[in-house]
Amino acid sequence: MEYTLTGNFLEACDCTVICPCWVDDDPVEGHCTGFVLWEFTGNGTESKIDGLVVTGCKVVSVAIHAGKRRGSSAPATSMIYIDVSKSKKNKETTDEQLFQALRGTFAEHPTKEGGGIGPLAELAEMSGTVVGAEPAMISFELEKDGPADKNEHRWTATVTRTRTNPQEPQAEPLQDLLIHATGQPERFDVDENQNAKSQPLELSNTALTYELQAQNPVTAQAGDELIINVGALPGGNINVKGRSGMRGTFHYRYPAAGVHTGMPGEEAPAS
């Protein structure tokens with residue numbers, strides 16, 4: 001598998017202040033339920049998986065785990081949701097092809113122990129057991145217009161799923177709210193008019209920098225509301241306020257620039 005994936009990510013969970021996963025520590029209260037949302041923007045270069053353009057698509061991984069996120073004896077259990085409705089695909093590519101490419105990348109990619117290589121193998125280990133992957137509508141909105149950056153204010157992330165009512169198959173489809181989260185950058189010394197004396201809190205070289213291929217720095221978020229309704233996960237139903245989050249940009253690439261994979265038809269680098 002070859003991929004170049006760039007864009008913005010949002011992480012939010014039910015830990016307080018900063019999620020201890022970012023500093024490789026045990027989660028608050030011994031367990032953590034949260035999600036990571038990836039938005040493939042391209043950022044100057046189209047996001048691709050084995051040649052398929054996935055720019056405009058979004059993926060959400062909802063996970064629950066006890067102990068450290070990395071290298072825990074009790075690995076995470078995850079559920080994946082994929083939205084290809086806003087893709088910038090070419091005319092020859094179908095939505096199903098995009099869904100299967102993203103499913104193979106984020107839900108079925110082998111771990112390092114399973115023979116996987118590259119940064120997504122590290123992400124697969126952090127994701128643990130993936131119980132499923134489904135299509136969904138994923139929305140990530142910022143209060144201000146323009147590109148995402150640390151100076152944006154409030155954000156809203158929503159994941160919904162449309163399904164047919166088996167009792168009334170001819171009726172309007174039902175909409176399930178799977179995730180609803182709101183928040184804003186973590187700032188200190190904020191006055192009554194929401195003016196802050198300092199820039200948002202930032203972290204660099206965190207414990208999750210490699211798994212998320214986060215580009216330094218990442219910006220801490222103050223979560224306002226976090227609702228998760230994922231029945232496929234044990235303990236996957238929470239409704240909390242005032243929890244943590246993180247935002248930043250990512251860049252997954254395999255093989256790395258200038259690396260010869262030896263794949264058939266690939267030209268070897270000039271000696």
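Residues numbered from 1 in each chain as written. Predicted model: local features only at pLDDT ≥ 70, side-chain atom pairs only at ≥ 80, totals over all residues. Heavy atoms only, no water.

Along the backbone of the chain there are two helices and 14 strands. Across the 271 residues that make up the chain, the buried fraction comes to 46%. Contacts in the chain between residues far apart in sequence, at least 24 positions, make up 64% of those at least 6 positions apart. On the chain, roughly 13,500 Å² of surface is accessible, and the fraction owed to carbon and sulfur atoms is 47%. (Helix = DSSP H or I, 4+ residues; strand = E, 2+ residues; numbered from the N terminus. Buried < 20%, exposed > 50% of the residue type's maximum accessible area, 1.4 Å probe, protein only. Contact = heavy atoms within 4.5 Å. Areas by Shrake-Rupley, 256 points an atom, 1.4 Å probe, with all protein chains shown as cover.)

This part is about unusual backbone geometry. The bulk of non-glycine residues show a negative phi, and the bulk of peptide bonds are trans. Between Asn-216 and the following residue, Pro-217, the backbone shows a cis peptide bond with an omega angle of -10°. Of note, Pro-217 is situated in strand β12 (residues 214-229). The linkage connecting Tyr-254 with the following residue, Pro-255, adopts the cis geometry, with an omega of -5°. Position of Pro-255 among the secondary structure elements: in the segment after β14 (244-254). The backbone of Asp-50 shows a phi angle near 45°, a positive value even though the residue is not glycine. You can see Asp-50 is positioned in the loop between β3 (48-49) and β4 (52-53).

Here the focus is the packing of aromatic side chains. Using the criterion set out here, one finds six aromatic pairs in the structure. An angle of 45° between the planes, with centres 4.9 Å apart, marks the rings of Trp-38 and Phe-106 as tilted. Separated by 68 residues along the polypeptide, Trp-38 in strand β2 (residues 31-40) and Phe-106 in helix α1 (residues 95-106) bring together distant segments of the chain. Members of the aromatic cluster, connected to one another through ring pairs, are Trp-38, Phe-40, Phe-106, Phe-250 and Tyr-252. (Phe/Tyr/Trp six-rings, centres within 6.5 Å; stacked < 30°, edge-to-face > 60°.)

One pass over the structure, following the stated rule, counts zero disulfides. Here Cys-15 stays free of any disulfide, with the sulfur of Cys-32 as its closest cysteine sulfur at 3.9 Å. (Disulfide = S-S within 2.5 Å.)

Of all nine residues in helix α2 (residues 119-127), eight are buried; the element is thus mostly enclosed. By the burial criterion, the buried members of α2 are Pro-119, Leu-120, Ala-121, Glu-122, Leu-123, Ala-124, Met-126 and Ser-127. In this structure, the buried residues of α2 make contact with β1 (3-13), β2, β6 (77-83), α1, β7 (129-135) and β14. With its phi angle positive at about 70°, Gly-128 sits one or two positions after the end of α2.

Bringing the pattern of salt bridges into the picture now. Following the criterion strictly, the structure yields six salt bridges and no others. Linking Arg-161 and Glu-134 is a salt bridge whose minimum nitrogen-to-oxygen distance equals 3.0 Å. Residue Arg-161 is located in strand β9 (residues 155-163), and its partner Glu-134 is located in strand β7; the two are separated by 27 residues in the primary sequence. Owing to a relative accessible area of 26%, Glu-134 belongs among the partly exposed residues under this scheme. (Salt bridge = Lys/Arg side-chain N within 4 Å of Asp/Glu carboxyl O.)

We now examine the confidence of the model for the chain. Put simply, the chain has an average pLDDT of 86, and 87% of its residues get 70 or more. Looking over the chain, one finds the lowest element-wise mean pLDDT in α2, namely 90, and the highest in β6, namely 97. (pLDDT = per-residue confidence, 0-100.)

In this section: the environment of Cys-19. Locating Cys-19 in the fold gives a position in the loop between β1 and β2. Sequence-wise, Cys-19 and Cys-32 are 13 residues apart; in three dimensions their C-alpha atoms are separated by 8.7 Å. Leaving out residues up to four positions away in the same chain, Cys-19 has contacts with Glu-11, Cys-13, Cys-32 and Ser-244.

Okay, the environment of Leu-37 next. Mapped onto the elements, Leu-37 comes out in strand β2. Along the backbone, Leu-37 and Val-62 are 25 residues apart, and their C-alpha atoms lie at a distance of 8.8 Å. Once you skip the residues sitting within four places of it in the chain, Leu-37 turns out to touch Asn-8, Phe-9, Leu-10, Val-59, Val-60, Ile-138, Ser-139, Phe-140 and Ala-157.

What follows deals with the environment of Phe-9. Among the structural elements, Phe-9 can be located in strand β1. Distance from Phe-9 to Val-218, taken between C-alpha atoms, is 9.7 Å for residues 209 residues apart in sequence. With residues up to four places along the chain from it excluded, the contact list for Phe-9 reads Trp-22, Leu-37, Trp-38, Leu-212, Ala-214, Val-218, Met-246, Arg-247, Gly-248, Thr-249 and Phe-250.

Note: α-helices contain 3.6 residues per turn, so residues at a spacing of three or four share the same orientation. Under the 1.5 Å per step criterion, the end-to-end length of α1 is 16 Å for 12 residues, consistent within 8% with the ideal 16 Å. Buried within α1 we find Leu-98, Phe-99, Ala-101, Leu-102, Gly-104, Thr-105 and Phe-106. (Expected span 1.5 Å × (residues − 1).)

Our focus in this paragraph is the side chain of Glu-39. Considering the arrangement of structural elements, one finds Glu-39 in strand β2. Despite its burial, Glu-39 pairs with no opposite charge; the closest candidate is Lys-58, at 4.3 Å N-O. Apart from the residues lying within four places of it in its own chain, the contact partners of Glu-39 are Thr-6, Gly-7, Asn-8, Cys-57, Lys-58, Phe-140 and Phe-250. (Lys, Arg positive; Asp, Glu negative; His and termini not counted.)

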